[in-house]
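Fold and geometry: a report
Chain by chain, the residues run as shown.
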Amino acid sequence: VQGTIFPAPNFNPVMDAELLGGALQGFGCDKDLLIDILTQRCNTQRLLIAEAYLGAFGRDLVGDLKEKLSNHFKDVMVGLMYPPPSYDAHELWHAMKGAGTDENCLIDILASRTNREIFQMREAYYLQYSRDLQEDIYSETSGHFRDMLVSLVQGTREEGYADPATATQDAMVLWQACQQRTGEHKTLLQVMLCNKSCQQLGLVFQEFQNISGQDIVDAINECYEGYFRELLVAIVLCVRDKPAYFAYRLYSAIHDLGFHNKTVIRILISRSEIDLMSIRKRYKERYGKSLFHDIK
């Protein structure tokens, strides 16, 4: 595991709950204490703290955090309290509810999660909102972008399987899809990128380079546009190197978008126990400055 948050040693949920209760009482709020506790415990420990908090004070910790905190600080502290599938569900719900849709949030989550994570996220979404995630995606998006998202949310990617014998054939299909760009070819792209195993796609991308003399990402950027293109590229980058993809997304959120808080918060929380240390390394390698430095 290349995360940045690990289980705290000598963990005492009752003591943490009492400290948090003290920090949240009165007019002010001891934000430093909240940070010290909630960012230094793993998600499982935070859920135990919430149980102890309910036992000690008869109140919901998340409810108190929402009531006492505001703005992006509230988003971080509350976000840390969700189990990972529930946090993904929460982010997807907020990306789709209301007037606009945050397509980049849908892309970040659905292009990067494993089959298991997708199944857990769909279940959490239904439990939290009594709605079907696939149906909501279908109603809130359109075109081939929608079709690819719906395909991804089914969680049907092959796992651990690679067949070098068919990689050249698959690469030819990709190459033709980039040349001809018909609806039929977009569907072939969708089927391949959403269902083939990461191992197989790695072979296919290498064969694509051999056939076309071009990197698959460059070819997609030349041939397609809009959120459909963004999603295609995200899948390719996640297949190749997931930490590098999130390093790229963080850099864009910090520098191109004038610090897009929601994106930064979502990635840091959701990857903190998975690969955030690896993301930090890729960020430094690629952009020459540390993620820590840029956020600070």
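This one's a predicted model, so the numbers in the text were calculated from it and none came from an experiment. (Residues numbered from 1 in each chain as written. Predicted model: local features only at pLDDT ≥ 70, side-chain atom pairs only at ≥ 80, totals over all residues. Heavy atoms only, no water.)

Examining the overall build of the protein chain
This is how it is decided: Under the DSSP-based scheme used, a helix requires at least four consecutive residues in state H or I and a strand at least two consecutive residues in state E, with every element numbered from the N terminus. Computation of the radius of gyration draws on C-alpha atoms alone. For the globule rule, the value is 2.2 Å times the number of residues to the power 0.38. Residue contacts follow a heavy-atom distance rule, with two residues in contact if any of their heavy atoms lie within 4.5 Å. Exposure was quantified through the Shrake-Rupley algorithm and a 1.4 Å probe, taking into account, for residues, occlusion by the shown protein chains and nothing else.
Helices and strands together make up the secondary structure of the protein chain, namely 18 helices and 0 strands. Here the protein chain has a C-alpha radius of gyration of 21 Å; the compact-globule value for 296 residues is 19 Å, and the two agree. The C-alpha extent of the protein chain, read off along each of the three principal axes, is 65 × 45 × 35 Å. Across the protein chain, every contact between residues at least 6 apart in sequence was considered, and the portion connecting residues at least 24 apart equals 71%. Total accessible area computed for the protein chain in this model is approximately 14,700 Å², and 50% of it derives from carbon and sulfur atoms.

Comments concerning a nonpolar patch on the surface
To keep things clear, this is the line we draw: What goes into a patch is any residue over 30% in relative accessible area without a salt bridge, connected to like charges within 9 Å or, for nonpolar side chains (Val, Leu, Ile, Met, Phe, Trp, Tyr), within 5 Å. Salt bridge, as applied in this entry: a Lys or Arg side-chain nitrogen positioned within 4 Å of an Asp or Glu carboxyl oxygen. Burial status follows relative accessibility: with a 1.4 Å probe on protein chains alone, a residue under 20% of its type maximum counts as buried, one over 50% as exposed, and anything between as partly exposed.
Among the surface-exposed residues, Met 172, Trp 175 and Ile 211 lie close enough to one another that they form a single nonpolar patch of about 220 Å² accessible area. A residue is classified by how much of its surface remains accessible, and Met 172, at 33% relative accessible area, is partly exposed.

As for the domain arrangement of the protein chain
The following threshold applies: Each domain span listed reflects an automatic or database assignment of domains. The buried area of a pairing is the accessible area, by a 1.4 Å probe, that goes missing from both parts when the two are put together, added over both. In protein, a polar contact means a hydrogen-donor-capable atom and an acceptor-capable atom, both N or O and within 3.5 Å, with residues adjacent in sequence counting only if both atoms are side-chain atoms; elsewhere, any N or O pair within 3.5 Å suffices.
Structurally, the protein chain comprises domain 1 (13–81), domain 2 (87–154), domain 3 (164–236) and domain 4 (242–295). The C-alpha centroid of domain 4 is placed 22 Å from the C-alpha centroid of domain 2. Facing the 12 residues of domain 2 at the interface are 12 residues of domain 4. Overall, the association of domain 2 and domain 4 removes approximately 910 Å² of surface from exposure, summing both partners, and the carbon and sulfur fraction of that is 48%. In this assembly, domain 2 and domain 4 are joined by 2 salt bridges. Of the charged contacts, one joins Arg 266 and Asp 108 as a salt bridge, the two residues approaching to 2.7 Å between their closest N and O atoms. Viewed at the interface, domain 4 and domain 2 are joined by 4 residue pairs in polar contact (both at pLDDT 80 or more). At the level of elements, α6 (84–96) and α7 (103–112) are the ones that each hand at least two residues to the side of domain 2 that touches domain 4.

Re the packing of aromatic side chains
Inclusion rule: Two rings from Phe, Tyr or Trp (for Trp, the six-membered ring) form a pair when their centres sit within 6.5 Å of each other. Planes less than 30 degrees apart are called stacked, planes more than 60 degrees apart edge-to-face, and all others tilted. Criterion for a charge above a ring: Lys NZ or Arg CZ within 6 Å of the ring centre, and within 35 degrees of the ring normal.
Scanning the entire structure with this criterion turns up 12 aromatic pairs. Judged by centre distance (4.9 Å) and plane angle (50 degrees), the ring pair of Tyr 53 and Phe 57 falls under tilted. Of this pair, Tyr 53 and Phe 57 are both found in helix α3 (residues 43–57), 4 residues apart, which corresponds to roughly one turn of the helix. Ring centres of Tyr 245 and Phe 246 lie 5.3 Å apart, and the angle between their planes is 65 degrees; this geometry places the pair in the edge-to-face category. In this structure, Tyr 245 and Phe 246 share a single accessibility class: buried. The lysine or arginine in question, Arg 146, covers the ring of Tyr 138, its NZ or CZ lying 4.1 Å from the ring centre.

Some words on the pattern of salt bridges
Applying the stated criterion across every chain yields a total of 13 salt bridges. A salt bridge links Arg 59 to Asp 64; the nearest nitrogen and oxygen atoms lie 2.8 Å apart. Residue classification places Arg 59 among the partly exposed positions, given a relative accessible area of 31%. The exposure class assigned to Asp 64 is buried, which follows from its relative accessible area of 9%.

Observations concerning the environment of Gly 21
By secondary structure assignment, the location of Gly 21 is in helix α1 (residues 13–24). When its relative accessible area of 0% is taken as the criterion, Gly 21 is described as buried. Sequence-distant contacts of Gly 21, defined by excluding residues within four places in its chain, comprise Tyr 53 and Phe 57.

Let's talk about the environment of Gln 25
Here Gln 25 shows up in the loop between α1 and α2 (31–38). The sequence separation of Gln 25 and Ser 278 amounts to 253 residues, and the corresponding C-alpha distance is 38 Å. If we skip the residues at most four places from it in the chain, Gln 25 touches Tyr 53 and Arg 59. A polar atom in the side chain of Gln 25 sits 3.0 Å from the backbone oxygen of Gly 21.

Notes on the state of the cysteines
This is how it is decided: Cysteine sulfur atoms are paired as a disulfide whenever they fall within 2.5 Å.
Taken as a whole, this structure holds 0 disulfides when the rule is applied. With no disulfide partner, Cys 238 has as its closest neighbouring cysteine sulfur the one in Cys 198, 8.7 Å distant.

Points about unusual backbone geometry
Its identity is not glycine, yet Asn 10 carries a phi of approximately 50 degrees, on the positive side. Take Asn 10: it is sitting in the segment before α1. Of note, Asn 71 is a non-glycine position whose phi angle comes to about 55 degrees, a positive value.

What to know about the side chain of Arg 249
By the element assignment, Arg 249 lies in helix α15 (residues 226–256). Excluding residues within four positions of it along the chain, Arg 249 makes contact with Asn 104, Asp 108, Thr 263, Arg 266 and Ile 267.

Some thoughts on the side chain of Gln 190
As for its placement among the helices and strands, Gln 190 is situated in helix α12 (residues 183–195). Beyond its immediate stretch of four places on either side in the chain, Gln 190 contacts Asp 147, Met 148, Ser 151 and Asn 195.

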